[in-house]
Each structure stands twice: as structure tokens, then as C-alpha cells.
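Residues per chain are reported as follows:
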Amino acid sequence: MIHRLFKKITFCVALFIGVSCLSTLAQSPYKNVMIHEQSGLGYPPCEPSIAISKTDPSIMLAGAVLRYSYYSSDSGQTWTTDRMKSRHGVYGDPCIVSDDEGKFYYFHLSDPSGRGWGSPKLLDRIVCQTSKRNGKAWNRGSGVGFNHPKDQDKEWAVFDPVNNQLIVTWTQFDEYQNPDPSFQSNIMLSRSKNGRTWSEPVQLSTTPGNCLDDSQTAEGATSGVDAEGNIYTAWSLDGKIVLTIGSVNEAGELMGFSEEITVIQSNANWDFAIPGIKRANGMPILKCDRSNGPNRGAIYINWSDQRNGENDTDIWIVKSIDQGKTWSEPARVNDDKGGHHQFFTWMDLDQSTGKLYCVFYDRRNHTDLNTDVYLAASSDGGENFQNTRISESPFIPSEFKFFGDYNGISAVNGVIRPIWTRHENDKQSIWTAIINE
């Protein structure tokens, strides 16, 4: 009897361990939807951006390199693919923004000649296109920051509901990839009430970078707006993450911008190597909590770097609760034991709850180049993150294919839609996961 009891206990323990292991390696609890797959000789899609309508969360739009646009009217279950056209050309770096009235804006780089690399007018401005028809049609586009012969690159935009305006930031290169140390890169900002006419660009950076498009370049600027209408912009330069603050008066008028505040002093180089990836970056993403939740007023910056070694890329977050004056120590978002690569992070904050969501690639479950997609969520102001694998199966990227510089995520009223690039069978594709809370 004791022998039979021992065998039963052994079986139960083995079963428990087996179930635990299966649970650890379980596939995504969320349905994955392929938005678009590369076909023929078309440019392989990558660098996806996504936005959910603030007025109807069943409506969502997305974009990808080089000129793809996607729209869905059934919460992301099905998608229609189109190609963007603009009077100024279209050359990647898509950024999709929704405002509080249900309008969408598609920001991207310019290519007025239509000839791509080698064109003397390539990247001569940032372009904004507006849609009132949920992405089914777009206007011809407005230009932002034209300053020939300088190049305008790596834009990002947000909608400011406090002052009812669009804010776009980007890097201005004296000449893109010119190694001459006298050529500089700087961070620029412009604002618009309608997406058609734009304010004269303001240079935010006082410390310039080089023009080589590497960690010594001033690049990756993203902005957020707090409940008082103050504008916070963060970017990377030479291992640092810096911040400037645009203050507004009671009438909502912009009073000017502060000098740079160094949030991260070192080890935050954004241009680093990931095995199997042609190029990877860890530029910062900034979000402000305007919700009525317990962390209202908090400002967050999310990024990735290799401070723990070139074989251990991690996702990080810092927080300020005093309008950017002081910042917490970097906290690790990925909750694995270390020694693996987590990269290409993007973050959003659901303004209905104040909850944070980060999406990133993750290799914690593998010893080779197999790559999963994870979502990390925090409901306590970034103090703790719950990590969940959201991809249904891993994939292996190709170092011979450009994989872009970022993925994306949008969170509105408990509807969360991450978006990422996948590589399989020598094709690249764009995916989302259906996550509803």
C-alpha cells in the first residue's frame, strides 16, 4: 500500500511539474491576426504603427514601411490593405495618431521625386496626411519642417487633448549620414490645430549629435502631454536619455521649453546589435498619465539597452511624479532571469485606467534565434509588470532583411492592440493580437 501510495505521489508530482512546464511554455492566450503579408517583389512590411479610435474602439488603423496603410472596422479581426500617396511622396517611418473627434493622422517621411535613395530631395520634410473616413481615404498631405538642404527624419507624433493640437517631433540632419564632425543632428518640434498648417519648427536640443544615424545622433524623440497641457519630449544621445519640458500658461499658450534634463546618464545607447537582426534600436517612448486613476500625473519613459551586457538586452522604465524634476531608478520590465534578449519595445498608456502596456520581442524561451512577442502590463504605476507571451508561435528573423526600428501598441478603454513584424518562409508580415480587458 505504501508502495502504491508512493507511486501515486510520484505520478502527481511529475504531472504537476509537467503541467507547470507546459504552462511556462504555453502559447498565446490571445488570438493572433495577420494584418498583411509580403507578396511578390513589394517592399517587405515592417516598422508598424497602430491607433484605435477614441470615439469608436472597433475602428483601428495601422501603417507599415514603406507606404502601407491598413484599416479595420471590426476591432482588428479583419483588415484592408492600401498604399499611401502624397504630394510630397511617402518614404516610411509611419506613425498613426487618432484625435478625440475620431479623425486619424498618418505621419511619414517624404520622397517628392519618387526615386528613393539617391534622390537629392529625399527626406526634405515630415508629411502629415489626414483621414475623416477611418483610413478609407486620405488627403494629399501637408509638409512640416522643410529646410532644404537639411534632411528631416525619424518623426513621431501625439495628439494633445488638453490644448486640442497635434505635436510632432523629429531629427533634423544637416546631411544624413555625412561623417563630417561639423555636420549636426538636432531635435525639432512643430504643432498644428488641424493637421494642415503647422507652426514654425522649434529646435529643442541644445546639445547636437552627429549625422551618422547611430548612438551619437540626437534621435528618437517622442512626446507626451500632462493634464495641465505641459509638453514633455525625450530623446537619445550618446548613451543618455534627455528630456525637455514645454510649459503652457492658463490660456494654454506655449511659454517656451526648458533646457535638457538628463534622465538617464549612461548605458542607454540606442544603436546596438541583436543576433539575427540587421539593425536594432532602443529609443525612448514617453507617456503622461492624464487618467483619473491613482497614478494621475506620472510621466513614464520606456526604452531598451544592453547595460547588462551585449548578450542580455533588457526593457526598462523610469517614472517621474513631480513633472519631470526627478526620476526613479531604471526598473526592468521583462521578468525573466536574465541572459536573454528583449528588444524593440513600445509602450502605451490607457487614459481610461492609467494602466501601462509594453510590447517587445523576447528570446527567454530559446537558446537560438527563435523570437517570441511579449506583452508586459502594469496597473500600479510601473512598480510591477505581468509578462505574457502573446505570439502564437516563435519565428526566426533574417539578418539580410530590414526589420525596421520599432513595433507599436495602442490602448483605449480596455481595448489593447499590439502590432509587430514577423519573418517566416522568407516573407515578412504584420500581426496583431486581440486583447480586450
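Up top is the structure these notes are about.
This structure is a prediction, so every number in the text was calculated from the model and none was measured.

Enquirer: Before we move on, could you go through the pattern of salt bridges and cite the residues and values that matter?
Expert: Following the criterion strictly, the structure yields 18 salt bridges and no others. Between Asp93 and Lys154 there is a salt bridge; the shortest N-O distance is 3.7 Å. With a gap of 61 residues between them, Asp93 in the loop between strand S5 (80–83) and strand S6 (95–98) and Lys154 in strand S10 (residues 151–160) connect regions that are remote in the sequence. The buried category is assigned to Asp93, whose relative accessible area is 7%. By relative accessible area, which is 8% here, Lys154 ends up buried. Put simply, Asp336 and Arg332 hold a salt bridge, and the shortest N to O gap is 3.1 Å. By relative accessible area, which is 10% here, Asp336 ends up buried. By relative accessible area, which is 31% here, Arg332 ends up partly exposed.

Enquirer: Please give an account of the side chain of Gln152 that cites residues and values.
Expert: Mapped onto the fold, Gln152 is located in strand S10. Of note is the side chain of Gln152, whose polar atom sits 3.5 Å from the backbone oxygen of Gly145. Polar side-chain contacts of Gln152 include one of 2.6 Å to the side chain of Trp170. Discounting residues that sit within four places of it in the chain, Gln152 has contacts with Leu109, Leu123, Asp124, Arg125, Ile126, Gly145, Asn147, Trp170, Thr171 and Gln172.

Enquirer: Got a sec to walk through the pairing of strand S8 (residues 126–131)? Specific residues and values, please.
Expert: In terms of burial, S8 is largely enclosed, as six of its six residues are buried. Where burial is concerned, the two faces of S8 agree: the one with Ile126, Cys128 and Thr130 and the one with Val127, Gln129 and Ser131 are both buried. When strand S7 (residues 104–109) meets S8, the two strands line up antiparallel, connected through six bridges. The residue of S8 that forms the bridge with Phe104 is Ser131.

Enquirer: Give me the sheet that holds strand S3 (residues 60–65): which residues, what numbers.
Expert: Here four strands make up an open sheet; going across it, the order is S2-S3-S4-S5 and the pairing antiparallel. Lying at the two open borders of the sheet, with one neighbouring strand each, are strand S2 (46–52) and S5. For this sheet, the mean inter-axis angle between neighbouring strands, taken without regard to orientation, is 20°. In this structure, strand S4 (residues 68–72) lies alongside S5, joined through four bridges in antiparallel fashion. Bridge pairing in S5 places Tyr68 opposite Arg83.

Enquirer: How would you summarise the sheet that holds S7 if you had to cite specific residues and measurements?
Expert: Reading across from one edge, S6-S7-S8-S9 is the order of the four strands in this open sheet, with antiparallel pairing throughout. The open sheet has two free edges, formed respectively by S6 and strand S9 (142–144), since each of these has just one partner strand. Geometrically, the sheet is characterised by an average inter-axis angle of 25° between neighbouring strands, direction not taken into account. The sheet contact formed by S8 and S9 spans three bridges and is antiparallel. Bridging across to S9, Val127 finds its partner in Gly143.

Enquirer: Requested: an account of the nonpolar core, with residues and values cited.
Expert: Ranked by size, the top nonpolar core spans 60 residues in total, and within it Val97, Phe107, Val168, Val333 and Tyr361 carry the most contacts. Counting residues per element, this core draws most heavily on strand S26 (residues 355–362), at six residues. Contacts of Val333, omitting those with residues within four sequence positions, involve Asn302, Ile315, Trp316, Ile317, Cys358, Phe360, Ala376, Phe385 and Asn387. Counting 16 residues, the second largest nonpolar core, distinct from the first, contains Ile245, Ile264, Cys288 and Val318.

Calculation criteria
- Residues numbered from 1 in each chain as written.
- Predicted model: local features only at pLDDT ≥ 70, side-chain atom pairs only at ≥ 80, totals over all residues.
- Heavy atoms only, no water.
- Salt bridge = Lys/Arg side-chain N within 4 Å of Asp/Glu carboxyl O.
- Helix = DSSP H or I, 4+ residues; strand = E, 2+ residues; numbered from the N terminus.
- Buried < 20%, exposed > 50% of the residue type's maximum accessible area, 1.4 Å probe, protein only.
- Polar contact = N/O pair within 3.5 Å; in protein donor to acceptor, adjacent residues only side chain to side chain.
- Contact = heavy atoms within 4.5 Å.
- Pairing = 2+ DSSP bridges.
- Axes fitted to C-alpha atoms, helices over the stretch in contact; angles between N-to-C directions.
- Core = buried A, V, L, I, M, F, W, Y, C linked by side-chain atoms within 4.5 Å.

As far as function goes, none of this settles anything; it's purely spatial.
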